[in-house]
Structures are given as structure tokens and as C-alpha cells.
Amino acid sequence: MIERSWQNWAGNQHAYPVHRAEPSSVDELRAILRDAVERSRTVRCVGAGHSFTPIAVTDGVQISLDSLRGIESVVREDDGSARVTVLAGTRLRDLTARLWDLGLAMTNLGDIDEQSIAGAISTGTHGTGARFGGIATQVYALELMTSDGRLVRCSREENMELFHAARVGLGALGVITRVTLECVPAFALRAVEEPSTLRATLADLDAIVAGVDHFEFYWFPHTDRVLTKRNTRLPGDAALRPLGKVRSYLDDELLSNTVFEGLNRVVTRVPALIPRLNSVSARALSAREYTDRSYRVFASSRTVKFVEMEYAVPVAEIGGVLREVDRWLERSAVSIAFPVEVRFAAADDIWLSTAYGRPTAYIAVHQYHRRDHREYFDAVEAICRSVGGRPHWGKLHSLGGDELRDTCEHFDDFLRVRDAMDPMKLFGSDYLERLLS
């Protein structure tokens, strides 16, 4: 028996569906959809619950894909790459470890690997690297089940419009059942992490981003300090020099999670301490270098709960956006303990992708889950929107259909495909209707 109440990872979204289901086969999924149609109930799917929005919330039927996991097939190419078909509920953490055993890897990953593959692509999850797109760009083909129980396959060669829509489909077109990924030969990453200043980083940003495979940085608000991360791709048989257990525990578990949780509890009660603590924390960072399997470097453990908003802006605008955020913080009474994360991605051709048609920089802002985020997020959102920013589909924002239509060139094309795939809006919800009005 599955517990009917549900909340997401951050605890900021709750649902009380009339029924929760966890099919273990495509036939079971078809029966669940048939029953929902007969009872006039809407359906939403949920993966790991790592979206901060109400995208999985429903008072109808909520379907967990957790029992639809695993690799189904591997078709290898002469160059060492492969097309790997996986079931939709497969978690990225499990998938990437299994791919390594097969001598394969995903081209790029985000910094969290708890998500299901279907959830990650449906909300536009991405990593960083100016030459690399989000996870959805690695999809070769998709299989979806429609409201009438049909299985529909789409790819670049088959049902192309559906493919353009479904790779970032928001769960609005059907239930993804299988995903075929274009995987590359396994590779290692050499990670170089070191402190710097925001001024120096922005002054040479174009050269830095172009000069390494995967670059990102974290800016500590109320300071000029940043932590930069440069990851360089190496062959899969490169000598691995991972972080030692002691250093890994101290940096990634004790300081980044345990101590950081404690500090956030303190500053929630005394926000005036935040600027001084940010300055101390930023200056306490030390450089480190290590080499490990790619998926171990891309992703990191996150146990401190927060809410997040992320906007995609044209690369040329990111420096100005950060300076405006800095100026707003100087003028306001808001103090922010979480670093601001900045990442980069190549342009792609996916209709609802935040990187559609343009090289993109991402600015992600966070707030501890016990503190009010609204004033901060509203201010950053206004700054990003002023330069044509697009919101991440799995993270908080205030936009509805009218505003999204202005930023998404193929918004109406997506609605047309949705009307054809789900004319009765079986896969709808109040939140989705606000987005897709």
C-alpha cells in the first residue's frame, strides 16, 4: 500500500492525491490510465521529487515510476559510443554507475544525480560546459504512453515534432516509459577547485569558459569572493586520483552539509550575521585538485534543504545580471547565506529548453528552507527577465502562459502538439494550466 500523501524533497510542495500508484510494467501503467479516464481523474507522474515547483502535485492520480527501472538494451557503435535504452524511472545515480561498468558515460550531468531519467529530461535538467547541452540533448528516442494507452515512439527520424516537444515535455504529453540515450565512451574528469574574486572571474569570463570543458562558479553574496570549478575531460583509462576519504568527508559532508546546516539554523535566527559569515566562509576555502570517474565529479551530495530559482540568460548578459543582483543586495535589507551558482550550456533545438537557440548562462539562487525566499527571488527574477531570461521548469518562478510565450519561440507549437497528444487534458493540473494557458 502506497502512502497517499506526498511532499517533494525540499518540503515546499505537498499533494494529497486520491490515488497513488507504482506500476511495475507497461501493462500495469495502461490499466492505471484506463481507470483514471473512466473515473475522470487527472494524472501526474513523479520521479525523485527534486523539482521545487508544484509540477508533480495533483489531487487526482499520482504515478511513481520507481518500479520501472533498469537498462533494457545497449547498441554499440564503431566509435565506442552506444545507444542505451533505459526504463523511465531509472535514477541517474544508478544509471551512471552501471554505464561505467559497461565502458560508457553520459555526456554531461547536473550537480545532483538523485533524479529519474524521465523527470530530469522533462524539466530540463542540465549541467555546465559551453560545448554541452542539457540532459535532454542526449536523448536519441523516447517512448510515451498516451491517455488511451497507446505507446508512441519519437526520435529525430520519427514523429519529429513530438520529439522536439517531448524531450522537455513537463509531463504534459503522456507518460514517458522508455528513453534511449546517446552515450559516449567512459571518461574521467580532472577537477580543479580554487577560490577567486567575482571581479577577476567576470573580467576574464569568456576566456575561462572557452578554455575548459566544464566551468562553473559560486559567488558568496555580500562579498567579492567566489569558488571556481574547472573540470577537464580525460580518457576513461586515465589514472584516477580521487579525494581521500578524510578530505572528502571534511569538505563535502562535514563542512558542506553538516556545518552548513548548523550555520543556516543560526543565521535564520540572526540574519545580521550572514555577511560576516559569508566573508569568513569564502576566505576559508582552499584549493583542491582530484581526478575521478566523470559521474562522481559531476554530482555531489546535498543534504541541507533549500528552495531554488534558476534563470537562463544570454551568455553576454551574465556579468551585468550578477552586478545588478549585487547592487540590489546592497540596497535591500535581505541577507543571503547560500552561494549563487553560475553555469553555462550550449544552444540546443528543444522547443521548451531554456537554452533553445542560444548559448546560455544560468544563475541559480537558493534560500534555506526555513527562511522566506520571496523578496530575494522576485528581485532576481525581475533582473533576469529584463534581459530575456527563461525560468528553469523544475525551479521556482512566477511566470504564466502569457509571459512564457514571450520567451519561448515554440510555445504555441508545444500547445498544438499537446492538444493532439492529450485532447482531454488527462495529464493536466492547476499548475500546468497556469503555465500552458
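The present account deals with the structure reproduced in this document. (Residues numbered from 1 in each chain as written. Predicted model: local features only at pLDDT ≥ 70, side-chain atom pairs only at ≥ 80, totals over all residues. Heavy atoms only, no water.)

Moving on, we get to helix 2 (residues 92–101). Those residues of helix 2 that fall on the buried side of the exposure criterion are Leu92, Leu95, Thr96, Leu99 and Trp100. Projected down its long axis, helix 2 shows its buried positions confined to an angular sector of 135 degrees, all on one face. Residue Gly103 follows helix 2 closely and has a positive phi angle near 75 degrees. (Buried < 20%, exposed > 50% of the residue type's maximum accessible area, 1.4 Å probe, protein only. Helix = DSSP H or I, 4+ residues; strand = E, 2+ residues; numbered from the N terminus. Arc of directions from axis to C-beta.)

Read from one edge of the open sheet, 8 strands run 15-12-14-13-17-18-16-19, paired in antiparallel fashion. A strand with exactly one partner marks an edge of an open sheet, and here the two such strands are strand 15 (288–293) and strand 19 (390–391). In terms of strand pairing, strand 13 (residues 214–219) meets strand 14 (residues 225–235) through 6 bridges, oriented antiparallel. Residue pairing across strands places Trp219 opposite Val226, the latter belonging to strand 14. (Pairing = 2+ DSSP bridges.)

Right, let's talk about the pattern of salt bridges for a bit. Here the structure, examined in full by the defined rule, presents 30 salt bridges. Two residues, Asp113 and Arg93, come together in a salt bridge whose shortest N-O distance is 3.2 Å. Pair noted here: Asp113 is in the loop between strand 8 (104–105) and helix 3 (117–122) and Arg93 is in helix 2, with a separation of 20 residues, a long-range link. Residue classification places Asp113 among the buried positions, given a relative accessible area of 9%. In this structure, Arg190 engages Glu289 in a salt bridge whose closest nitrogen and oxygen atoms are separated by 4.0 Å. Of this pair, Arg190 sits in strand 12 (residues 187–197) while Glu289 sits in strand 15, placing them 99 residues apart in sequence. Given the relative accessible area of 53%, Glu289 is considered exposed. (Salt bridge = Lys/Arg side-chain N within 4 Å of Asp/Glu carboxyl O.)

So, on to the pairing of strand 16 (residues 306–314). Of all 9 residues making up strand 16, 8 are buried, and the element is well covered by its neighbours. Inspection of the sheet shows strand 16 paired to strand 18 (residues 360–368) by 9 bridges, in the antiparallel sense. Looking at the pairing, Tyr311 lines up with Ile363 of strand 18. When strand 16 meets strand 19, the two strands line up antiparallel, connected through 2 bridges. Its bridge partner being in strand 19, Ala312 is matched across the sheet by Arg390.

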